[in-house]
Amino acid sequence: MPAITLPDGTVRQFAGTVTGTDIAASIGPGLAKAALAIEIDGKLCDMALPIPEDASIRFVTRKDPEALEMIRHDAAHVLAEAVQTLFPGTQVTIGPSIENGFYYDFYRNEPFTPDDFAAIEAKMKEIVDNKAPFTREVWPRDEAIKFFEDKGERFKAELIRDLPESEDISIYRQGEWLDLCRGPHLRDTSDVGNAFKLMKVAGAYWRGDHRNPMLTRIYGTAWRDRKELEVHLHQLEEAERRDHRRIGREMDLFHIQEEAVGQVFWHPKGWRLYTTLQDYMRRAQTRWGYEEVRTPQLVDRSLWEASGHWDKYRHHMFIATVEDEDKTLALKPMNCPCHVQIFRHGLRSYRELPLRMAEFGACHRYEPSGALHGIMRVRGFTQDDAHVFCTEDQIADETVLFVEMLSAVYRDLGFSDFRVKFADRPEARAGSDEIWDKAEQSLKTACETAGVTYEYNPGEGAFYGPKLEFVLRDAIGRDWQCGTLQVDLVLPERLDASYIGEDSARHRPVMLHRAILGSFERFIGILIEQHAGKFPLWLAPVQVVVASIVSDAGAYAEEVVAALRKAGLHAEADTRNEKINAKIREHSLARVPLILVVGRREAEERTVALRRLGGATQEVLSLDAAVSALKLEATPPDLLEH
RNA sequence: GCCGACAUAGCUCAGGGGUAGAGCAACUGAUUCGUAAUCAGUAGGUCCUCGGUUCAAUUCCGAGUGUCGGCACCA
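Residues numbered from 1 in each chain as written. Chains lettered and ligands numbered in written order. Predicted model: local features only at pLDDT ≥ 70, side-chain atom pairs only at ≥ 80, totals over all residues. Heavy atoms only, no water.

Asks: How do you make sense of the protein's contact with RNA strand B when you look at a structure like this?
Replies: Near RNA strand B there are 55 residues, and of these Tyr 205, Ser 369, Asn 577, Glu 602 and Gln 618 occur at the shortest range. In RNA strand B, atoms within 4 Å of the protein come 51% from sugar and phosphate. In the model, a base nitrogen of RNA strand B is placed 2.6 Å from a nitrogen or oxygen of the Arg 585 side chain. When residues of the surface near RNA strand B are traced back to their parent elements, those giving at least two are strand 14 (196–205), strand 15 (214–222), helix 8 (244–250), helix 11 (309–313), helix 18 (580–589), helix 19 (600–605) and strand 34 (607–612). It is helix 18 that provides the largest number of residues to the surface near RNA strand B, a total of seven residues. In terms of residue class, the surface near RNA strand B is made up of 24 nonpolar, 16 polar and 15 charged. (Near = heavy atom within 4 Å. Polar contact = N/O pair within 3.5 Å; in protein donor to acceptor, adjacent residues only side chain to side chain. Helix = DSSP H or I, 4+ residues; strand = E, 2+ residues; numbered from the N terminus. Nonpolar A, V, L, I, M, F, W, Y, C, P; charged D, E, K, R; others polar.)

Asks: Please clarify how the side chain of Glu 153 should be interpreted in this entry.
Replies: By the element assignment, Glu 153 lies in the loop between helix 5 (141–150) and helix 6 (154–162). Although Glu 153 lies buried, it forms no salt bridge, and the closest oppositely charged side chain, Lys 151, sits 4.5 Å away as judged by the N-O distance. Excluding anything up to four places from it in sequence, Glu 153 contacts Gln 84, Thr 90, Gln 91, Val 92 and Phe 148. (Buried < 20%, exposed > 50% of the residue type's maximum accessible area, 1.4 Å probe, protein only. Lys, Arg positive; Asp, Glu negative; His and termini not counted. Salt bridge = Lys/Arg side-chain N within 4 Å of Asp/Glu carboxyl O. Contact = heavy atoms within 4.5 Å.)

Asks: Help me out: how do you make sense of the nonpolar core in this one?
Replies: A general feature of soluble globular proteins is that nonpolar side chains tend to end up buried together. Ranked by internal contacts, the top residues of the largest apolar core, which has 64 residues, are Val 409, Tyr 410, Leu 413, Phe 470, Ile 516, Leu 517 and Phe 523. A per-element tally of this core places helix 13 (residues 395–412) first, with nine residues. Beyond its immediate chain neighbours, meaning those up to four positions away, Leu 517 contacts Leu 277, Met 281, Asp 384, Val 409, Leu 413, Cys 482 and Phe 523. Core analysis: the second largest hydrophobic core is formed by 31 residues, Ile 71, Val 83, Ile 120 and Phe 196 among them. (Core = buried A, V, L, I, M, F, W, Y, C linked by side-chain atoms within 4.5 Å.)

Asks: Explanation requested: the packing of helix 9 (residues 268–287) against helix 13 in the structure shown.
Replies: Axis angle and axis distance: for two packed helices, these are the angle between their axes and the distance between the axes, and together they describe the pair. Where helix 9 meets helix 13, the axes come as close as 11 Å, and the angle between the chain directions of the two elements is 150°. As far as their axial angle goes, helix 13 and helix 9 are roughly antiparallel. In terms of crossing hand, the pair formed by helix 9 and helix 13 is right-handed. Together, Tyr 280, Met 281, Ala 284 and Gln 285 of helix 9 and Met 405, Ala 408, Val 409 and Asp 412 of helix 13 make up the contact between the two elements. (Axes fitted to C-alpha atoms, helices over the stretch in contact; angles between N-to-C directions. Parallel < 35°, antiparallel > 145°, perpendicular 65-115°, else oblique. Left-handed = near helix turned anticlockwise from the far one by under 90°.)

Asks: Got a minute to help me understand helix 4 (residues 117–129) in this structure?
Replies: Because each turn of an α-helix spans 3.6 residues, side chains separated by three or four positions end up pointing in the same direction. The terminal C-alpha atoms of helix 4, which comprises 13 residues, lie 18 Å apart, in line with the 18 Å expected from a rise of 1.5 Å per residue. Within the sequence span of helix 4, burial applies to Phe 117, Ile 120, Glu 121, Lys 123, Met 124, Ile 127 and Val 128. Viewed end-on, helix 4 has its buried residues packed into an arc of 160°, placing them on one side of the element. Along helix 4, exposed side chains directed more than 90 degrees from the buried face belong to Ala 118 and Asp 129. Buried residues along helix 4 sit against helix 3 (65–86), strand 10 (101–107), strand 12 (169–174), strand 14 and strand 15. Directly beyond the C-terminal end of helix 4, a positive phi value near 60° is found at Lys 131. (Expected span 1.5 Å × (residues − 1). Arc of directions from axis to C-beta.)

Here it is as structure tokens:
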């Protein structure tokens, strides 16, 4: 006699074991039709699952987030059935739901191509239209393994073998087809609906390990209805329009070419953006008590051996030799060992700590070819790097200070939203467990002091210490890891850094590695995509174009430009023999934030007609008023008087 | 690095075993115009590189390089 408690608190008694389907039917035909799944005591289950005992339940309908996830998961099953029907001999592996959709990994000698999509999608629609119920069965482990092995499905058999003994081996059937699956699933294949689309094929390693065979993965997107699908496809187009590689070309900011793979040729406008950002960061560093340094690009192998990088990262370092000298040097992949050299040059006193040493450090790393991506992932880049040499007691205060600085910088650059992840010891690491215990504990304490809440990112720390990762979210909801704060008790030891304490004895300092932007290249890529190239005025490479209407106003336009430049603005004159419509269109497409239109009238009255990017209206100002207003408006946020 | 796709004018792209095509941009000329495209003309190419097949390859085949999408990697 199970008593079923509904979300509104009412309790219904049933004569014997019931299912979600029974309960929904007993409540009403509307719900019976709408309920796709049932949550039993907080656990999402199939509608058809028998409920023998008292339980609190809740029905999941198409509008619930869980339903969308199930639609995607079911779509993956439907995809797998379609593929195995059309391409016999293909082995199935796994197919989860993911953000915006699903994928399924197959093993097949011949990989799929997007040309196969039409046929696969057609077959999927057929399967959906068949309205085949998803039914759950629990099989004995040995039987399941034998079944899949006999079918030649060695990946599935391996999955079952690796399931914990305590777990049921559940099999879901949909019509003729079946798959090992934890579930839960929707009622039948028609619940998947018609708002799905196959998107791309890709290679993926079995179980994510590059030593395993390569599978062929088919990605799809799936939604509740066609309208949601359309919105998603539209967002993808929008993201493509924001692509920093495209905007970089359109705005003439930078390029990359074959002779310098993974390295950026900054064009004048891109470099202006870069230096504006660098100037800003330099001011921030000064304000927060950093000293700037500069260290060599090429450093002898012995230093990298001492730091441990040679051992671990040699294959990712650019090595340089000269014919006349028997030496091996490496382009620095990071700055920390060099900063330690400055620290240990001469005796340091505890009075100097915390010592904050910053460098816009140009680094080179031989990134795997497949990792390269525009200017976001490159082989030559510049970090806004710094190392804080301090005592263990100072870690907490330094963390507080750093989080304060990072928040201010992100806010000034237009990012208000960021999360923190705590990455602890990786498998391959330097230093004893004791040291790691200490480093992780002090970083946790520091987070508490700084009021930083974080999520765990297990095993993702640097080889010399745990780290905080600062992940910011851009205008279209994508996450980017930029900032980092790492506690390092290993390198000071390895590179023999010390200071004289109050007790006149030598002590090891702690090293905090930290960056806010990460790398300029990557961060500028993010900035471009965040703003879709429409930068805030202070960052815009061309801030103002003065466009003349008639050639008689040309001289005045030049005069306006000169006045703006004198005030420190990046201004250009457009006195070409073109119609004003054409000029406005062109500079608007070039994402110039401000256009000053000048014709005969403005020249006579010494005024300008100000038009803002995207705006339909204009504002007529005197030249002097315009110059001082724009100068103020173009002031970097950290230099504004509050 | 691995799997797949792609590489044609500055850009976006079409084409195809036998003089290489469009739009935009560029250049020249005319036009002097009031808030998102004035008109006309001209020029522009090792069809990524190297090899093979062929009477003939930019096109077909192979290798390499690069880019793109994933996977793996990201000190």
